[in-house]
Amino acid sequence: MSMFQPVRGMRDLLNQDADALSYVIGKARETSALYGFKEVVTPVVEPFELLSAKSGEEIRQRMFIFDDLGGRKVALRPEFTASIARLATTVLKNEPKPFRLFSVGSVYRYDEPQKGRYREFWQANFELMGSGKPEADAEIILLSNSLLQNVGLTGYTLKLGHVGVVRGLLNQEGVDDVTQNAILQKMDKKDYDAAFALLTSKKCQNTLRGLVGLKSETAVETIEKMREYTRGYDKASTAVENLAAILKLVTESGCEIQTVDPAFARGLEYYTGMIFELYVPQFDIALGGGGRYDRLIETFGGEETPAVGMAAGIDRIALATQVQKTVLKKTQQKRVIVIPIKEEQKMQALKIAQTLRDAGIPAEFEVMGRKMAKALEDADKRKVDYAIIVGERELKEGKVVVKDLANRTQEEIEIEALASKIRK
Ligand code: HAM
């Protein structure tokens, strides 16, 4: 037994788990390019103040925080949005708007570990900065839809909401921002009674309770009910119209996977507009989520810059591909091992391996100095396709023996023709 295990909530990924993760990352990167996003790389460790400024109570409580040796209070990033917003106030300050930025990497939250919930996990993150228009919201939603489609998932749905509706109602009822934040946190946890209890007036409680109960069969009907309900509440009405405009753009672009939930809230505090989450029927945890945040960049000392974005939970999408048995379309490259019969052929054999790699064929070299029978037995166990046996007699004729390990056949092949032969 080893003395060491990974830290709780953190995992080693091997074989199909590692393959699924990198498959989803590849698809996310492809999708980002299709929508004109540019990749950026930012640090895993950031100033605590940056990460905590507008993240919300829940994330603040779950960050991995420490003092570095210079006495700076730093934390492991729990998400990408704060780092990207920092870019918008520094190196990208004078960049023409809009800009679209993609990032992928590990993020850290002290969540309670369970299936699909880890303390180290991966996100693919997309931010569109500079536009306050519904077109930008629609673009992010359509991108999210394309991502899951490109990964090969089926039956997924998108839950849509708008924080401006709840905030608009509560603002007009005179509820302060701190209480509003606390209410939205409770609503995110679907703990509605606790949310109502934070309101001191009965009238306010009833206003919120009414909104939470509005859900209808279709997205359009729900919007209609929200429209009626918010009549007389200016800001909340504007928010409903904004949501309606976004929904129309998305639906008319052929993406009809959404439901609208008037009681929908998300844990992050920086949202100011549309919010959404992605689900598959097999799990009750979100595969991704995002929304509009028009004031974060300003909060960081930048110019007023409207922005919208989303993060896909790579680990959960990878799990969904495994549960839905999505075929990971990997290029089926043949695997080859090159084995010299004797010490004297080692140099030649190594050269042959190198020639194969130069031709783009994955080739391993027998590095254990094993006898031929042992080396072949091992290659067989590891499901290698071909063994290239390099012997003195064949070398003299410019040839090697190629053994097909699955079919148990072998033939002598000219070294020159080796790469093209294996490729076939
Ligand atoms: P978020 O909803 O906190 O949003 O996280 C996005 C996704 O990360 C979730 O939907 C989920 O798939 C995944 N995720 C979250 N926690 C865990 C965990 N403990 N284990 C595994 N996966 C997890 C954000 O992070 C925002 N920054 C999204 C955004 C970008 N909003 C605007 N721009």
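Computed from a predicted structure; not experimentally measured.

Cut-off values and rules
The residue numbering used here restarts from 1 in each chain and proceeds along that chain's sequence as written. Local features in a predicted model are, by the rule used here, given only for residues with pLDDT of at least 70; side-chain atom pairs are given and counted only at 80 or more, and totals for whole chains, interfaces and linings are based on all residues. Side-chain descriptors were evaluated using all non-hydrogen atoms of the structure, hydrogens and water having been removed beforehand. Each Phe, Tyr or Trp ring, with Trp reduced to its six-membered ring, pairs with another whose centre is within 6.5 Å; inter-plane angles below 30 degrees give stacked pairs, above 60 give edge-to-face pairs, and intermediate values give tilted ones. Elements are defined by DSSP. Helices are runs of H or I of four residues or more, strands are runs of E of two residues or more, and each kind is numbered from the N terminus. Burial here depends on accessible area, computed with a 1.4 Å probe over protein chains only, as a share of the maximum for the residue type. Under 20% is buried, over 50% is exposed, and the range in between is partly exposed. Strands are treated as partners if at least two bridges between them are detected by DSSP. Between N-to-C directions, angles span 0 to 180 degrees; the directions come from axes that are lines fitted to C-alpha atoms, helices contributing only their stretch in contact. Any pair of residues with heavy atoms lying within 4.5 Å of one another is described as a contacting pair. Throughout the structure description, domain borders are defined by an automatic or database domain assignment. The near set for a molecule or strand comprises every residue that places at least one heavy atom within 4 Å of it. As used in this structure description, the phrase polar contact means that two N or O atoms lie within 3.5 Å; if the pair is within protein, one of them must be able to donate a hydrogen and the other to accept it, and residues adjacent in sequence are counted only when both atoms belong to side chains. Accessible areas in this description were obtained via Shrake-Rupley with a 1.4 Å probe; residue shielding takes into account the shown protein chains only. Just to be clear on terms, a salt bridge is a Lys or Arg side-chain nitrogen sitting within 4 Å of an Asp or Glu carboxyl oxygen. Here, expected helix span is obtained from the residue count minus one, scaled by 1.5 Å.

Visitor: How do you make sense of the packing of aromatic side chains when you look at a structure like this?
Guide: Any two aromatic rings considered together are summarised by their centre-to-centre distance and by the angle between their planes. With the rule as written, the count across this model stands at five aromatic pairs. Judged by centre distance (5.8 Å) and plane angle (80 degrees), the rings of Phe 37 and Phe 126 are edge-to-face. Of this pair, Phe 37 sits in the loop between α1 (15-34) and β1 (38-39) while Phe 126 sits in strand β6 (residues 120-129), placing them 89 residues apart in sequence. Residue class for Phe 126 comes out buried when judged on its relative accessible area of 0%. Residues Tyr 270 and Tyr 271 carry aromatic rings whose centres are separated by 4.9 Å and whose planes lie at 65 degrees to one another, so their mutual orientation is edge-to-face. Pair check on accessibility: Tyr 270 and Tyr 271 agree, each one buried.

Visitor: Got a minute to help me understand the sheet that holds strand β16 (residues 409-414) in this structure?
Guide: Consider a sheet: its strands pair through backbone hydrogen bonds, and that pairing is either parallel or antiparallel. What the five strands build is an open sheet, ordered β13-β12-β14-β15-β16; its pairing is mixed. In this open sheet, the two edge strands, each paired with only one partner strand, are β13 (363-365) and β16. Strand-to-strand twist in this sheet, taken as the mean axis angle between neighbours without regard to direction, amounts to 25 degrees. Here strand β15 (residues 399-404) runs beside β16; their pairing, made up of six bridges, is antiparallel. Each bridged residue has a counterpart across the sheet, and for Lys 403 the counterpart in β16 is Gln 410. Taken strand by strand, helix α14 (residues 346-358) contacts β12 (336-340), β13, β14 (386-390) and β15, and its axis lies near 160 degrees from that of β13. Against the sheet, helix α15 (residues 372-381) makes contact with β12, β14 and β15, and its axis sits at roughly 175 degrees relative to β12, the strand it touches most.

Visitor: Help me out: how do you make sense of the domain arrangement of the protein chain in this one?
Guide: How big an interface is tends to be reported as the loss of accessible area on association of its parts. Domain boundaries in the protein chain define domain 1 (15-323) and domain 2 (336-423). Its C-alpha centre places domain 1 at a distance of 53 Å from the equivalent point of domain 2.

Visitor: Got a minute to help me understand the sheet that holds strand β2 (residues 45-47) in this structure?
Guide: A sheet is described by the order of its strands in space; here three strands give the open sequence β2-β4-β3, paired in antiparallel fashion. Of all strands in the sheet, those bounded by a partner on one side alone are β2 and β3 (65-67). For this sheet, the mean angle separating the axes of adjacent strands, direction not counted, is 40 degrees. Examined bridge by bridge, β3 and strand β4 (residues 73-76) share three bridges and lie antiparallel to one another.

Visitor: Help me understand the site of the ligand in this model?
Guide: Taken together, 27 residues lie near the ligand, and Glu 79, Asp 111, Tyr 118, Arg 266 and Tyr 271 sit nearest. A distance of 2.7 Å separates a nitrogen atom of the ligand from a polar atom in the side chain of Asp 111. The protein chains hide 95% of the 660 Å² of surface that the ligand would expose on its own. Those elements that provide at least two residues to the shell around the ligand are β6, β10 (288-292) and β11 (307-313).

Visitor: What am I meant to see in the pattern of salt bridges here?
Guide: For side chains bearing opposite charge, pairing can occur when the charged atoms are close. Tallying each qualifying case throughout the model produces 31 salt bridges. With a closest N to O distance of 3.1 Å, Glu 57 and Arg 60 form a salt bridge. On the criterion of helical spacing, the pair formed by Glu 57 and Arg 60 is a turn pair, its members being three residues apart in helix α3 (residues 57-61). When its relative accessible area of 38% is taken as the criterion, Glu 57 is described as partly exposed. Overall, the relative accessible area of 23% leaves Arg 60 in the partly exposed class. In this structure, Glu 364 and Arg 335 form a salt bridge, with 3.1 Å as the shortest nitrogen-oxygen distance. Placement of the pair is Glu 364 in strand β13 and Arg 335 in the loop between α13 (314-323) and β12, with a sequence separation of 29 residues. Since its relative accessible area comes to 26%, Glu 364 is described here as partly exposed.

Visitor: What is the right way to read helix α7 (residues 177-188) from this model?
Guide: Three- or four-residue spacings in an α-helix give side chains the same orientation, since the helix completes a turn every 3.6 residues. Given a rise of 1.5 Å per residue, twelve residues ought to cover 16 Å, and the 16 Å separating the end C-alpha atoms of α7 matches this to within 8%. Residues Thr 179, Gln 180, Asn 181, Ile 183, Leu 184, Gln 185, Met 187 and Asp 188 constitute the buried set of α7. If you follow the buried residues of α7, they end up packed against α3, α6 (163-172), α8 (192-197) and α9 (202-212). The N-cap of α7, judged by a side-chain oxygen 3.1 Å from the amide nitrogen of Val 178 a few residues on, is Asp 176.

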